[in-house]
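So you can see what is in the structure, the chains are spelled out below.
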Amino acid sequence: MWRVLGTLSKESYDRQYSDRELLRRLIPYIGAQKKFFVLSILFSACRAIASLVTPLFFAIVFEELVRLGTSAGAITGPTTIWLFSGFYVLFLVLEWVFSYFNSVNKQKLQSNTMYALRHDLFKRVNQHELQFFDRNKTGLLMARISGDAFQVGSVMNTVVDFVEIVMFSVVILGAMFAINWQLTALAALVFPLLFAFIFVLRKYLRRYSLLQRRAEAAVNSATEEYIRGVQVTKSFGQEQRVQRHYEALQSRKASVNARRFFVFRSFPEIIDFFTAIALFIFLVGGGIDVLRGGITPGILYLFITYIRRLFQPLVQLGTFYATLQGGFAAAERMFSLMDVEVSVKAGGQTCPPLKGRIEFRNVFFAYSKKKGDVIRNLSLDVPPGELLAIVGETGAGKTTLASLLARFYEYQEGEILVDGIPINRLDPDSLRDQLGYVLQDPFLFTGTIRENLLLGAPGATRDDIDQAVKAVRANTFIKTLPGGLDATVLEQGRNLSQGQKQLLALARVLLKDPAILILDEATASVDAYTEKMIQDALERVFEDRTTIVIAHRLSTVLNADRIIVMDNGRIVEEGTHVELIRREGRYRELYKTYYAHQGMLEPMA
Ligand SMILES: Nc1ncnc2c1ncn2[C@@H]1O[C@H](COP(=O)(O)OP(=O)(O)O)[C@@H](O)[C@H]1O
Ligand SMILES: [Mg+2]
């Protein structure tokens, strides 16, 4: 039953990876963040040592008090108490400080890993032909790129926590052994029992985690399906049946959740139970030793503290496992997506830094043989730095032309060259690294503004970001958001206006600094005021690079060095605005239909 439900959430490209395979794929991402990894381990080591020393000072003070109590009038007493109480507090503070820096570095590690994963996923998804996007739902692709990358990122935190716990345990055990190995051995009696228990529980944790994930996936995909199909449901009067099915899935999920919680929630108590046993053994053994004049009460106190600290982090082990499993599942989904075969072949020559010349030579292209040519014998030469506008009726082939340049589709005949090199000889990745695309509906990730800006250029510095944001005048609105650059972007940027999203998309492309920029009706759906702002911003973006604007707006067209008019896959006219208006051809017609009302003040030549 679960198996069946589990498959509901699967995409056609999903596959299974062994844990080892997943690790092998993840290690480079951890490796790239060595610095933060090492730093957070270092800080947690310092914290472990500090937290080892703190109770020691307390024990000394305690010991001193016991001694003073028995031999009244000791002179050294008060000074020692002052001094070691001071140390005690000092190390307590140090512990907090180290813990703080440890967290900061862990956070860095987590978010950088997430950026890197998103960057790679983003790049990979971008390599696909557009047909890939017709086949795969945007929502699901987006969930993988944002959600799963986030989840895998948080696993990094868990890995550090794990190392921290191991290190902490080793340090404490080592110190205990050094101080009194007999007593330590006594307290350690409980460990084999504890580990046996964890081992048994692990099986259940694993099982329930898996069941829970499947039940959840089933509910999610049913929810999505039913909401998408709500119109159909209603028109067929199927609401009740859908509701019943949905509720059945929900209650199954709830019952798995309850069972899982039952196991998970018992973990801390069970650890406490073992701690209690260890403490009991130790108190009896140690207590008798104190009476016999073996160890001092101070040591007894110290050991009790150590034992408690030793067991405490074990509680986290239960959640570790869940996080790790969740992370692996997310990694599996992510890599499945990353490994979908791209039909445009990778490889070939690496694209050299481009000056930005673009040539189309007698290019023919059809999406399918049946539908016929969409681009027909098209030739075009764009010198570096030119601002070229493409206009034409809907369906004329403007977007297709731009897609061919980015190798989203392979053309059938002719040749497309950049800086004199045929693009089908170039590695698509390296070509696209030098292309910037801004589309009508910009794509933003859940996360922060900064994360979104960094997508095209993960290595960009703060200054780079500030500059890019200023250049496109996005700084004014970013300033008004709570948190500025760290303001949250909701899914698909739905807490931002279309214009704001567009400004961010432009800043992002500017950060990427491509040699060739393509704007496909990038300003079509923003209001006039925002458009004016974007227009000003765009002038900066256009500087020093070849730009193709597929234009909906007159103002963009007017500024172009050259305008080409497309119709039915061909270029039917080209020239400047003034030239084309004079010619009284297609452009003039288009202008009258689409543009005239947008620019009342603009004379028709
Ligand atoms: N992914 C696709 N699959 C099949 N046909 C497509 C696809 N995209 C566009 N077309 C067709 O190609 C032609 C040109 O479309 P397009 O380049 O989007 O035009 P424009 O951007 O000028 O509006 C249209 O007839 C359209 O139906
Ligand atoms: Mg189009």
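Procedures and definitions
Residue numbering note: each chain is counted from 1, following its sequence as written. Here chains are named by letter from A upward and ligands by number from 1 upward, in the order in which they appear as written. Since the coordinates come from a predicted model, pLDDT governs what is reported: local features require at least 70, and pairs of side-chain atoms require 80 or more to be given and counted, while whole-chain, interface and lining totals use all residues. Side-chain numbers here rest on the full set of heavy atoms in the structure, without hydrogens or water. A pairing counts as a salt bridge when a side-chain nitrogen of Lys or Arg comes within 4 Å of a carboxyl oxygen of Asp or Glu. A run of DSSP states H or I qualifies as a helix once it reaches four residues; a run of E qualifies as a strand once it reaches two. Both are numbered from the N-terminal end. Residue exposure (1.4 Å probe, protein chains only): buried if accessible area is under 20% of the type maximum, exposed if over 50%, otherwise partly exposed. What counts as a ring pair is set by centres within 6.5 Å for rings of Phe, Tyr and Trp (its six-membered ring), and what kind of pair is set by the plane angle: stacked under 30 degrees, edge-to-face over 60, tilted for all other angles. Only lysine NZ and arginine CZ atoms are considered, and such an atom sits over a ring when it is within 6 Å of the ring centre and within 35 degrees of the ring normal. Helix span is expected to be 1.5 Å times the residue number reduced by one. All the domain ranges listed were derived from an automatic or database domain assignment. Note on definitions: a residue-residue contact is assigned when non-hydrogen atoms from the two residues lie within 4.5 Å. The quantity reported as buried area is the accessible area (1.4 Å probe) lost by two parts once they are put together, taken as the sum for both. Polarity classes work like this: nonpolar for Ala, Val, Leu, Ile, Met, Phe, Trp, Tyr, Cys and Pro, charged for Asp, Glu, Lys and Arg, and polar for all others, with Gly in that last group. When DSSP finds at least two bridges between two strands, those strands are taken to pair. Only a single heavy atom is needed: when it lies within 4 Å of a molecule or strand, its residue is near that molecule or strand. Polar contact criterion, stated in full: a pair of N or O atoms within 3.5 Å, where within protein one must be able to donate a hydrogen and the other to accept it, and residues adjacent in sequence count only if both atoms are side-chain atoms. Areas reported here follow the Shrake-Rupley algorithm with a probe of radius 1.4 Å; residue values treat only the protein chains shown as occluding. Interaxial angles span 0 to 180 degrees and are taken between N-to-C directions of axes, which are lines fitted to C-alpha atoms, for helices over the stretch in contact. In this analysis the local bend is the angle between axes fitted, respectively, to the seven residues ending at and the seven residues starting at the residue. Like charges within 9 Å and nonpolar side chains (Val, Leu, Ile, Met, Phe, Trp, Tyr) within 5 Å are joined into patches, using only residues over 30% in relative accessible area that form no salt bridge.

Moving on, we get to the pattern of salt bridges. Any two side chains of opposite charge can pair, so long as their charged atoms come close to each other. Per the counting criterion, the structure on display carries 17 salt bridges. Between R450 and D486 there is a salt bridge, with its nearest N and O atoms 3.2 Å apart. Of this pair, R450 sits in helix α15 (residues 449-454) while D486 sits in the loop between α17 (475-480) and β8 (488-489); the two residues are 36 residues apart in sequence, bridging distant segments of the chain. R450 gets classed as buried once you look at its relative accessible area, which sits at 15%. Through salt bridges with shared partners, a single network forms among E393, D567, R586 and E589.

Scanning all chains against the criterion turns up 22 aromatic pairs. With a centroid separation of 4.9 Å and 45° between ring planes, the pair formed by F58 and Y301 is classed as tilted. One end of the pair, F58, is in helix α3 (residues 34-70); the other, Y301, is in helix α11 (residues 297-311), and 243 residues separate them in sequence. Accessibility expressed as a relative area gives 26% for Y301, which makes it partly exposed. One aromatic cluster is present, built from ring pairs that chain together F43, F98, Y100 and F101. Over the aromatic face of F445 sits the side chain of R118, whose NZ or CZ is 5.9 Å from the ring centroid.

With 15 residues, helix α18 (residues 498-512) should reach 21 Å at 1.5 Å per residue; the first-to-last C-alpha distance of 21 Å fits that figure. Of all 15 residues making up α18, twelve are buried, and the element is well covered by its neighbours. For α18, the full list of buried residues reads G499, K501, Q502, L503, L504, A505, L506, A507, R508, V509, L510 and L511. Directly after α18, the chain includes D513, whose backbone phi takes a positive value near 55°.

This paragraph deals with the domain arrangement of the chain. Looking at the chain, the domain boundaries give domain 1 (18-179) and domain 2 (446-513). In this structure, domain 1 and domain 2 have C-alpha centres spaced 30 Å apart. Listed as interface residues are seven residues of domain 1 and, on the opposing side, seven residues of domain 2. In total, domain 1 and domain 2 occlude about 710 Å² of area from one another, counting both sides; carbon and sulfur atoms represent 66% of this. Summed over the shared surface of domain 1 and domain 2, the result is one salt bridge. As a salt-bridge pair, E451 and R118 come within 3.3 Å of each other at their nearest N and O atoms. Contributions of two or more residues to the side of domain 1 that touches domain 2 are made by α4 (77-127) and α6 (138-179). With five residues, α4 is the single largest residue contributor to the side of domain 1 that touches domain 2. Looking at the side of domain 1 that touches domain 2, its residues break down into four nonpolar, two polar and one charged.

This paragraph deals with the pairing of strand β12 (residues 570-575). Both strand β11 (residues 562-567) and β12 contribute to a ladder of five bridges, which runs antiparallel. If you follow V565 over to β12, its bridge partner there is E573.

The residue D513 is not glycine, and still its phi comes out positive at about 55°. Tracing the chain through its elements places D513 in the loop between α18 and β9 (516-520). A relative accessible area of 51% places D513 in the exposed class. Backbone geometry places E584, a non-glycine residue, at a positive phi of 55°. Here E584 shows up in the loop between α21 (577-583) and α22 (586-595).

Moving on, we get to the site of ligand 1. The immediate surroundings of ligand 1 are formed by 13 residues, with G395, G397, K398, T399 and T400 found nearest. Within the backbone of A396, one N or O atom sits 3.3 Å away from an oxygen atom of ligand 1. Protein chains shield 67% of the accessible area of ligand 1, which is 550 Å² for the free molecule. Counting residues per element, the shell around ligand 1 draws most heavily on helix α13 (residues 398-405), at three residues. Residues belonging to the shell around ligand 1 are distributed by class as follows: four nonpolar, five polar and four charged.

Another aspect to go through is the environment of L504. Within the fold, L504 resides in helix α18. Along the backbone, L504 and P442 are 62 residues apart, and their C-alpha atoms lie at a distance of 8.4 Å. Setting aside chain neighbours within four positions, we find L504 in contact with L444, I449, L453, F477, I478 and L496.

Strand order in this open sheet of four strands is β2-β1-β4-β5, and the pairing throughout is antiparallel. The open sheet terminates on both sides in strands that have one partner only, identified here as β2 (373-382) and β5 (421-422). As defined by bridge partners, strand β1 (residues 358-366) adjoins β2 across six bridges and the pair is classed as antiparallel. The residue bridging V363 from the neighbouring strand is L378, located in β2. Each of β1, β2 and β4 (413-418) touches α13; the most contacted strand, β1, lies at about 115° to it.

If you check helix α2 (residues 19-32), its first and last C-alpha atoms are 20 Å apart, about what 14 residues at 1.5 Å a residue would give, namely 20 Å. Along its length, α2 shows its largest kink, about 30°, at L26, and proline P28 lies within four residues downstream of that point. Of the residues making up α2, those classed as buried are L22, L26 and Y29.

Further remarks concern a nonpolar patch on the surface. On the surface, a nonpolar cluster with roughly 650 Å² of combined accessible area is contributed by V89, V93, W96, V97, Y100, F101 and V104. By the secondary structure assignment, F101 is in helix α4.

As a further point, take the environment of N452. Its location among the elements puts N452 in helix α15. As for N452 and T79, which are separated by 373 residues in sequence, their C-alpha atoms are 58 Å apart. Residue contacts for N452: discarding those within four places in its chain leaves L444, F445, V489 and R508.

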